[in-house]
Amino acid sequence: MSKTVIEHVLSRLKDIGITDVFGVPGDFSFPINDAICLDPQMRWIGCCNELNAAYAADGYSRVKGIGAVCTTYGVGELSALAGVAGAYAEYLPVFHLVGMPKKSTQVARALVHHTLGNGEYDLFHRMSQPVVCASAILTPQNVAFETERLIAEALYHRRPVYMAFPADFAGQPLTSGAYPIPVPHSDLCTLTEVTEAIVAHLKSARTACVLPGILVAREKLQSQMKAFIEDSGLPFATMFMGKTVLDEQHPNYIGMYDGRLMSPEVRAYVEGCDVVITVGTLLTDFNTGAFTAQLDPARTVAIRHHNVSIAGKVYANVEIGDVLTALAVRISRVGNFSTPKVESLGFPVGSGSDPITADALYPRWANFLKPNDMLVAETGTASMGLGFARMPTDANFYNQTLWGAIGWATPAAFGAAVAAPDRRTVLVTGDGAYQLTAQEISQFPRLGLNPVIFVLNNSGYLIERLLCKDPNIDYNDIAPWRYAELPHALGCDDWFTARAATCGELDKALERAAETDKGSYIEVVTDAYVASPLSLKLGETLSALNRS
Ligand SMILES: Cc1ncc(C[n+]2csc(CCOP(=O)(O)OP(=O)(O)O)c2C)c(N)n1
Ligand SMILES: [Mg+2]
């Protein structure tokens, strides 16, 4: 029997690696919800709300390379939109599946629930369009080729796509055959030209280094990137957004490059190189130390997603993966460089009843991390501190550096844990950010997942205190919650929970969290102004810029 519209889409999504769909059901999306639940190779992952579901799909997609969120018409899809926009900004191909009223209802312009009551049915689709790279309303006639088009677009751009299913069409059989998925390649002449130009550039350089960026991870090019670094012998540093795209224990790793704000030795080295090769690196504000990174265009080779720039000359129509693969064949050892030693956060200070200062907290957190951990670090002062911890072998640091929506990390950590249940998920969030999406921790025990969660309770929006005119102004205060009591109320019954306000309490809690195979939830209480070094620097730099 021929597949229905929704069965066809699900089977293609499975083909490309999606086995879990996050969402909240609704009557217009029942045909999608039912099909997912009835498919033995797919899982419906219910979330507390659609924003969280979109963030969970984002986290899943960071780990698996691809993800999906399903919402109902209007009320559900608009709630997910901010999360889908985040996936767009951060190059994550999230499939947004939306259940629509029946086509017959739409044609009649009927005044049904979840509409604005004006008979218009295209509005929400149009609202989604700027935050996806492609969209379609699926019918039995178009589903075969539209599905391939949307998959191809999502994978090529690494951006979300929107797929809407009128409820009466979703269960109907396809009326057209399958189409092959288009696979884009580089222009071969340009690829050769680019490869030779890069090799020549490197041959004439006395010093060179690589800055692998986030698109290396998004395109799953880590092994090609590693091969290029090992074959060439080049040292590499990463910027914030690209942290852990390659193993930070690799001998060629020299540390984090954050412009003028941090790590002066890394900055001196990188900016002093004759050639700097950026690979899928995005030069955003928080990735460049508030634009203090100074990469001389004349000495930069920028291997971008779909083009390359060498000393300012742009070569279009070449794909990042093809360039890395071609370079790996052509490259030979460039030289032996004397490079800076990777900095560490040092030894934790304090003990017993000492209060938890930044020098007490960040090195302790760094020491807590293990090989293969997935650290999901929320926007705020905590991620700015942990961003400079040298991560253990094969551990990943996930942060929403460009979009920077607070509330992202808790559901994203859940999504990451669903994608890789055998790895340890460590979530670090500020109290302010946590209040946006706190309830999503209740999903972990439903699926038998055991994360380690740290909530930094510093009584408000510290990063904003550091950036705004008056740190004590009312808008930076938040409601005081008893965070450590939340897991119990939210169904995380057998978790280890603790509230640590001194170094001694923190040490004890970290020890317990390291030992238990259940979930752990630790509220870390500090003074309102205990800030990581980068957040302090950022505050100073941005205030100076605002004054000038
Ligand atoms: C959705 C959203 N709303 C508002 C902001 C602005 N914002 C950025 S950081 C921040 C405060 C974060 O506070 P907290 O999570 O407590 O971290 P802290 O800086 O105190 O460590 C706010 C409100 C944002 N980034 N995203
Ligand atoms: Mg806070």
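Residues numbered from 1 in each chain as written. Chains lettered and ligands numbered in written order. Predicted model: local features only at pLDDT ≥ 70, side-chain atom pairs only at ≥ 80, totals over all residues. Heavy atoms only, no water.

Draft legend 1. Just the overall build of the protein, in detail. The helix and strand tally for the protein stands at 22 helices and 19 strands. Against the globule reference of 24 Å for 548 residues, the protein gives a C-alpha radius of gyration of 24 Å, in line with a compact fold. In terms of principal-axis extent, the alpha carbons of the protein reach across some 70 × 65 × 50 Å. When burial is assessed residue by residue, the protein has 60% of its 548 residues classed as buried. Within the protein, residue pairs in contact and separated by at least 24 positions form 75% of the contacts whose partners lie at least 6 positions apart. (Helix = DSSP H or I, 4+ residues; strand = E, 2+ residues; numbered from the N terminus. Rg over C-alpha atoms; globule rule 2.2 N^0.38 Å. Buried < 20%, exposed > 50% of the residue type's maximum accessible area, 1.4 Å probe, protein only. Contact = heavy atoms within 4.5 Å.)

Draft legend 2. Quick look at the environment of Gly83. Note that Gly83 resides in helix 4 (residues 75–89). Distance from Gly83 to Gly519, taken between C-alpha atoms, is 26 Å for residues 436 residues apart in sequence. Gly83 has contacts with Leu51, Ala54 and Tyr55, leaving out every residue within four places of it along the chain.

Draft legend 3. The arrangement of the packing of helix 3 (residues 50–64) against helix 16 (residues 409–419) in detail. Direction vectors running N to C along helix 3 and helix 16 enclose 45 degrees, while the axes themselves pass 6 Å from each other. The orientation of helix 3 relative to helix 16 falls into the category oblique. The chirality of how helix 3 crosses helix 16 is right-handed. From helix 3, Asn52, Tyr55, Ala56, Gly59, Tyr60, Val63 and Lys64 reach across to helix 16, where they touch Pro411, Ala412, Phe414, Gly415, Ala416, Val418 and Ala419. Residue composition of the contact of helix 3 with helix 16, by class: ten nonpolar, three polar and one charged. (Axes fitted to C-alpha atoms, helices over the stretch in contact; angles between N-to-C directions. Parallel < 35°, antiparallel > 145°, perpendicular 65-115°, else oblique. Left-handed = near helix turned anticlockwise from the far one by under 90°. Nonpolar A, V, L, I, M, F, W, Y, C, P; charged D, E, K, R; others polar.)

Draft legend 4. Summary view of the sheet that holds strand 1 (residues 20–23). If you trace the six strands from one edge of the open sheet to the other, you get 2-1-3-4-6-5, paired in parallel fashion. Edge positions in the sheet fall to strand 2 (43–46) and strand 5 (134–137), since each of these pairs with one other strand and no more. Adjacent strand axes in the sheet meet at a mean angle of 20 degrees, parallel and antiparallel pairs treated alike. The pairing of strand 4 (residues 94–100) with strand 6 (residues 161–166) spans six bridges and is classified as parallel. Residue pairing for strand 6: Phe95 is matched across the bridge by Val161. Sheet strands in contact with helix 1 (residues 5–15) are strand 4 and strand 6, and its direction is about 155 degrees off that of strand 6. Each of strand 1, strand 3 (67–72) and strand 4 is contacted by helix 3, which is oriented at about 165 degrees to strand 3, the strand it contacts most. (Pairing = 2+ DSSP bridges.)

Draft legend 5. The arrangement of the coordination of the magnesium ion (ligand 2) in detail. Only Asp431 (OD), Asn458 (OD1) and Gly460 (O) from the protein reach the magnesium ion (ligand 2) as donors, at distances of 2.0 to 2.1 Å. Taken in chain order, the donor set of the magnesium ion (ligand 2) reads D-x26-N-x1-G. In this structure, Asn458 and Gly460 share a single accessibility class: buried. (Donors = N, O, S within 2.8 Å, 3.2 Å for Na, K, Ca; no water.)

Draft legend 6. Main features of the nonpolar core. Counting 93 residues, the largest nonpolar core has Ile198, Phe228, Val270, Ile277, Ile303, Trp365 and Phe454 as the members making the most contacts within it. Apart from residues lying up to four places away in sequence, Ile277 is in contact with Ile198, Leu202, Cys209, Val210, Leu211, Phe228, Leu234, Val301 and Ile303. Val63, Leu92, Phe414 and Trp495 belong to the second-largest nonpolar core, a separate cluster that totals 41 residues. (Core = buried A, V, L, I, M, F, W, Y, C linked by side-chain atoms within 4.5 Å.)

Draft legend 7. Main features of the site of ligand 1. Around ligand 1, 15 residues are found, and the nearest of them are Thr381, Asp431, Gly432, Ala433 and Leu462. One of the backbone nitrogen or oxygen atoms of Gly460 is found 2.9 Å away from an oxygen atom of ligand 1. Within the side chain of Glu464, one N or O atom sits 3.1 Å away from a nitrogen atom of ligand 1. Relative to its unbound accessible area of 590 Å², ligand 1 is 77% covered by the protein chains. For the shell around ligand 1, the secondary-structure elements that each account for two or more residues are helix 17 (431–437) and helix 19 (462–467). (Near = heavy atom within 4 Å. Polar contact = N/O pair within 3.5 Å; in protein donor to acceptor, adjacent residues only side chain to side chain. Areas by Shrake-Rupley, 256 points an atom, 1.4 Å probe, with all protein chains shown as cover.)

Draft legend 8. Seen up close, the packing of aromatic side chains. This model, assessed by the stated rule, comprises 16 aromatic pairs. An angle of 90 degrees between the planes, with centres 6.2 Å apart, marks the rings of Phe28 and Tyr73 as edge-to-face. Of the two residues, Phe28 sits in the loop between strand 1 and helix 2 (30–38) while Tyr73 sits in the loop between strand 3 and helix 4, which places them 45 residues apart along the sequence. Overall, Phe28 belongs to the buried group, its relative accessible area being 10%. In this structure an aromatic cluster arises from ring pairing among Phe22, Tyr60, Phe414, Phe444 and Trp495. The aromatic ring of Tyr91 is capped on one face by Arg159, whose charged end is 3.9 Å from the ring centroid. When the ring centre of Phe397 is taken as origin, the NZ or CZ atom of Lys243, which lies over that ring, is 5.6 Å away. (Phe/Tyr/Trp six-rings, centres within 6.5 Å; stacked < 30°, edge-to-face > 60°. Lys NZ or Arg CZ within 6 Å of the ring centre and 35° of its normal.)

Draft legend 9. The arrangement of the sheet that holds strand 19 (residues 520–525) in detail. Pairing is parallel in the open sheet, where six strands are placed in the order 15-14-16-17-19-18. Only two strands of the sheet have a single partner each, and these edge strands are strand 15 (396–398) and strand 18 (496–500). The sheet shows a mean angle of 15 degrees between the axes of neighbouring strands, taken without regard to direction. Pairing of strand 14 (residues 374–377) with strand 16 (residues 425–430), which is carried by four bridges, proceeds in the parallel orientation.

Draft legend 10. The arrangement of the pairing of strand 17 (residues 452–457) in detail. The element strand 17 is extensively covered by neighbouring structure, given that six of its six residues are classed as buried. Both faces of strand 17 are covered, namely the face carrying Val452, Phe454 and Leu456 and the face carrying Ile453, Val455 and Asn457.

Draft legend 11. Representation of helix 11 (residues 222–232) in the model. Within the sequence span of helix 11, burial applies to Met225, Phe228, Ile229 and Ser232. Within helix 11, the buried residues cover an arc of 95 degrees as seen down the axis, which keeps them to one side. Looking at the buried positions of helix 11, the neighbouring elements they touch are helix 9 (188–203), strand 7 (208–212), helix 10 (214–218), strand 8 (236–238), strand 10 (275–279) and helix 13 (320–330). Positive backbone phi, approximately 75 degrees, marks Gly233, located one or two places after helix 11. (Arc of directions from axis to C-beta.)

Draft legend 12. Representation of unusual backbone geometry. Although it is not a glycine, Tyr91 sits at a positive phi angle of roughly 60 degrees. With respect to the helices and strands, the residue Tyr91 is situated in the loop between helix 4 and strand 4. You will see that Arg158, though not glycine, has its phi angle at about 55 degrees, which is positive. Mapping Arg158 onto the fold places it in the loop between helix 7 (143–157) and strand 6.

Draft legend 13. Molecular detail of the pattern of salt bridges. Under the counting rule described, the total for this entry stands at 20 salt bridges. Notably, a salt bridge pairs Arg43 with Asp20, separated by 2.7 Å at the nearest N-O pair. Separated by 23 residues along the polypeptide, Arg43 in strand 2 and Asp20 in strand 1 bring together distant segments of the chain. Judged by relative accessible area, Arg43 falls into the partly exposed class, the value being 37%. For Glu219, the salt bridge goes to Arg158, with nearest N and O atoms at 3.4 Å. One end of the pair, Glu219, is in the loop between helix 10 and helix 11; the other, Arg158, is in the loop between helix 7 and strand 6, with 61 residues separating them in the sequence. (Salt bridge = Lys/Arg side-chain N within 4 Å of Asp/Glu carboxyl O.)

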